[in-house]
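# Observations on the model geometry
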Amino acid sequence: MTLEGKVALVTGAGGMRGVGRATALKLASQGADVAITDIRRPADDLPPGEVRSEWQSIDSVADEVRGLGRRVLPIYADLSESQQIEDLVAQAVDHFGRLDIMVNNARAVIGRDKVPVTELDEDVWHHFLSINTTAVFLCTKFAGREMVRMGNGGRIVNIASNAGKQASADGAAYSSSKFAVIGLTQASALDLAAHGITVNAVCPGPINTDRMSYWERDQAAQRGLTQEQFRAQIVSASGERTPLGRIAEAGDVANLVSFLAGPDSEFITGQSYNVNGGLLFH
Ligand SMILES: NC(=O)c1ccc[n+]([C@@H]2O[C@H](COP(=O)([O-])OP(=O)(O)OC[C@H]3O[C@@H](n4cnc5c(N)ncnc54)[C@H](O)[C@@H]3O)[C@@H](O)[C@H]2O)c1
């Protein structure tokens, strides 16, 4: 229970098989109380498994956290709105009286970005930068200010990606947004070091989540497959390409977040660590 007495705020925590939920539960299992946030997604933006099982986003995750005996505050907010980000940090601090760990995990729903740069819609570009980068900056700014004010140090963990180190075709918006997170991580680490606040990034390769992807939904329809059947093919093919023989589970990523959020990582800052089964080495 290395996080006993600590309070964490995790963004994008409502997905039934997402990294945010796995992280919230991992931190809670280590003793932290957690504020969890997500946007209220329309049914069209939900993975089929969540619709089928009537998953209730951060309300369902909150029940699980309570089941672990920890306190929890679910907050619905849209990270494209800076005022909502400032408010959600304030709500978490008001509710728990402190904030020790900020995990920036949310990202824009993927799929519409998966085109060559010459076809990339400017609105899609701005949306990706807004959720994947600007919201990380604003959460760092507002949560960092609270951590500085309280004087207890702190931990900020940004979920970047392999795509933040090595771009792929049809990935201009996503890769740019994640490369920027790595730069933001390094600069923030330097700005906050004197306050005992570390800032690190985690860079996963492909993860076996049920993330919503408009591209996967369209490709499945074109092939006469369900979205889940098509997704299973991608997961299997990616696993075969991975040296360790499978793609990451959400828990693999949560395990590193938990280490970077805990006391054993106190001398590590500004770093960007891969969780990718050996796919990429820098
Ligand atoms: N899934 C992968 O294969 C993979 C690979 C590498 C990196 N990552 C990174 O890991 C993290 C988690 O991935 P995932 O697949 O669990 O995530 P995901 O695609 O399920 O999305 C995370 C959450 O962000 C939320 N979100 C979307 N728009 C929002 C908005 N405007 N305001 C607030 N919340 C919003 C979604 O509702 C969702 O719950 C992300 O940062 C992602 O970029 C994922």
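Preceding block: the structure.
The model shown is predicted, which means the values in this text are computed figures rather than measured ones.

### A few points about the site of the ligand
- Around the ligand there are 25 residues in total, and Asp-38, Asn-105, Arg-107, Tyr-174 and Lys-178 lie nearest to it.
- At 2.9 Å from an oxygen atom of the ligand is found a side-chain nitrogen or oxygen belonging to Lys-178.
- Residue composition of the shell around the ligand, grouped by class: 12 nonpolar, seven polar and six charged.

### Side note on the packing of aromatic side chains
- A complete count under the given rule lists one aromatic pair for this structure.
- Ring centres of Trp-215 and Phe-230 lie 5.9 Å apart, and the angle between their planes is 55 degrees; on these two criteria the pair is classed as tilted. Of this pair, Trp-215 sits in helix H7 (residues 214-223) while Phe-230 sits in helix H8 (residues 227-241), placing them 15 residues apart in sequence.
- One Lys or Arg, Arg-40, reaches over the ring of Tyr-76 and ends 3.8 Å from the middle of that ring.
- Here Arg-112 stacks its cationic end above the ring of Tyr-214, 3.7 Å away from the centre of that ring.

### Some thoughts on unusual backbone geometry
- If you check the backbone angles, Ser-57 has positive phi at about 50 degrees while not being a glycine.
- Along the chain, Ser-57 turns up in helix H3 (residues 57-67).
- Of note in the backbone geometry, Asp-170 takes a positive phi value of approximately 60 degrees without being a glycine.
- Within the secondary structure layout, Asp-170 lies in the loop between strand S5 (154-159) and helix H6 (172-192).

### Side note on the packing of helix H5 (residues 122-150) against H6
- Across the interface, H5 lies against H6 with an axial gap of 8 Å and an inter-helix angle of 15 degrees. As summarised for this structure, H5 and H6 are arranged roughly parallel, according to the angle between their axes. As H5 runs across H6, the sense of the crossing is right-handed. Mapping the contact onto sequence places Trp-125, Phe-128, Leu-129, Asn-132, Thr-133, Val-136, Phe-137, Thr-140 and Val-148 in H5 and Ala-172, Ala-173, Tyr-174, Ser-176, Ser-177, Lys-178, Ala-180, Val-181, Leu-184, Ser-188 and Leu-192 in H6.
- When its residues are assigned to classes, the contact of H5 with H6 shows 13 nonpolar, six polar and one charged.

Rules behind the numbers
Residues numbered from 1 in each chain as written. Predicted model: local features only at pLDDT ≥ 70, side-chain atom pairs only at ≥ 80, totals over all residues. Heavy atoms only, no water. Near = heavy atom within 4 Å. Polar contact = N/O pair within 3.5 Å; in protein donor to acceptor, adjacent residues only side chain to side chain. Nonpolar A, V, L, I, M, F, W, Y, C, P; charged D, E, K, R; others polar. Phe/Tyr/Trp six-rings, centres within 6.5 Å; stacked < 30°, edge-to-face > 60°. Helix = DSSP H or I, 4+ residues; strand = E, 2+ residues; numbered from the N terminus. Lys NZ or Arg CZ within 6 Å of the ring centre and 35° of its normal. Axes fitted to C-alpha atoms, helices over the stretch in contact; angles between N-to-C directions. Parallel < 35°, antiparallel > 145°, perpendicular 65-115°, else oblique. Left-handed = near helix turned anticlockwise from the far one by under 90°. Contact = heavy atoms within 4.5 Å.

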